[in-house]
Each structure stands twice: as structure tokens, then as C-alpha cells.
Amino acid sequence: MASIIIIPVLIVAMVGLSGYLVYKFLIYDLYCKRSVNRSLRKYNIKKTPFQIIKEYYENKGERITHQEIQNLEKNYRQNEPDQFLAMYDAIRENTRNKE
């Protein structure tokens, strides 16, 4: 008798949890990536977020690995999307000051 209630509840819980995990780790990140790329296109920036981060940290004199750049890109993309524009402005200003 209890299995009649427990089995459907477990199935629904598993489907709900898997749906949440797919959203959290796949769909949300794709949505954030699309939003950032759209913002960069809006301001006619032809660089990718990866290139912006790499150049920004090189201009600061810091060497970071490929994996660190990817982690920063994901963090900025999901939590601070405006950071890419700020970094791009810093890169652009740095190149103007060098000239």
C-alpha cells in the first residue's frame, strides 16, 4: 500500500531534481552567455569575453592560465555581466595611454 504512494513521489522528485539541475548548469549558463554576447554586439565590441579577460589581466601584468580565464568568464557571465564592458573600457583606455 505504501509503495503506491512512495514510487510516484520518488519519480516526480527525480524528474524535478533533474530538470532543476539541467536548468541550473546548462540552460541558465547558455542564457547568460547569449545575454553577454548580445551586450558586446550592441556596443560594437568584436572581442569575445575570453579575449577581454585575457587582455585585461595581461595589461595589469598578471599571468593567468587558460582554466582560470574560463572560470572567471563563467563567474562574470553569471554574476557580473557588466564587468566585461568595464574591462573593455580599461583595455581601450590603456591602449590610448600607450599611444
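Model, not experiment: these values are computed from the prediction.

Asks: I would appreciate a short explanation of helix α4 (residues 83–98) in the present structure.
Replies: A rise of 1.5 Å per residue sets the reference length of α4, with its 16 residues, at 22 Å; its end C-alpha atoms lie 23 Å apart and thus fit the reference within 8%. For α4, the complete set of buried residues consists of Phe84, Met87, Tyr88 and Ile91. When α4 is viewed along its axis, its buried side chains cluster within an angular range of 100° and face the same direction. In α4, those exposed residues whose orientation departs by more than 90 degrees from the buried face are Glu93, Arg96 and Asn97. Buried residues in α4 make contact with α1 (2–42), α2 (49–59) and α3 (66–79).

Asks: Quick question: what am I supposed to make of the pattern of salt bridges here?
Replies: If charged atoms from side chains of opposite charge come close, those side chains can pair. All told, the structure shown has six salt bridges when counted by the stated rule. Residue Asp29 pairs with Arg77 through a salt bridge whose shortest N-O separation is 3.0 Å. Pair noted here: Asp29 is in helix α1 and Arg77 is in helix α3, with a separation of 48 residues, a long-range link. The buried category is assigned to Asp29, whose relative accessible area is 13%. Ionic pairing is found between Arg63 and Glu58, a salt bridge with its closest N-O pair at 3.7 Å.

Asks: Help me out: how do you make sense of the packing of aromatic side chains in this one?
Replies: Note on aromatic pairs: each is described by the distance of the centres and the angle between the planes. Applying the stated criterion across every chain yields a total of three aromatic pairs. Plain terms: the ring middles of Tyr23 and Tyr28 are 6.1 Å apart, the flat faces sit at 55° to each other, and that makes the pair tilted. The exposure class assigned to Tyr28 is partly exposed, which follows from its relative accessible area of 26%. Measuring from centroid to centroid gives 6.1 Å for Tyr76 and Phe84, while their planes differ by 85°, and the two rings are edge-to-face. For the pair Tyr76 and Phe84, a shared accessibility class is recorded, and that class is buried. Between Lys24 and the ring centre of Tyr28, over which it is positioned, the NZ or CZ distance is 5.7 Å.

Asks: Even after reading the chapter, I still don't get α1, so can you show me in this structure?
Replies: Helical periodicity: at 3.6 residues per turn, an α-helix aligns residues three or four positions apart in one direction. A rise of 1.5 Å per residue sets the reference length of α1, with its 41 residues, at 60 Å; its end C-alpha atoms lie 58 Å apart and thus fit the reference within 8%. In the structure, α1 departs most strongly from a straight axis at Tyr23, where the bend amounts to approximately 40°. Within the sequence span of α1, burial applies to Asp29, Cys32, Val36 and Leu40. Buried residues along α1 sit in contact with α2, α3 and α4. Just past α1, the residue Asn44 takes up positive phi, approximately 60°.

Conventions and cut-offs
Residues numbered from 1 in each chain as written. Predicted model: local features only at pLDDT ≥ 70, side-chain atom pairs only at ≥ 80, totals over all residues. Heavy atoms only, no water. Helix = DSSP H or I, 4+ residues; strand = E, 2+ residues; numbered from the N terminus. Expected span 1.5 Å × (residues − 1). Buried < 20%, exposed > 50% of the residue type's maximum accessible area, 1.4 Å probe, protein only. Arc of directions from axis to C-beta. Contact = heavy atoms within 4.5 Å. Salt bridge = Lys/Arg side-chain N within 4 Å of Asp/Glu carboxyl O. Phe/Tyr/Trp six-rings, centres within 6.5 Å; stacked < 30°, edge-to-face > 60°. Lys NZ or Arg CZ within 6 Å of the ring centre and 35° of its normal. Bend = angle between axes of the 7 residues up to and from the residue.

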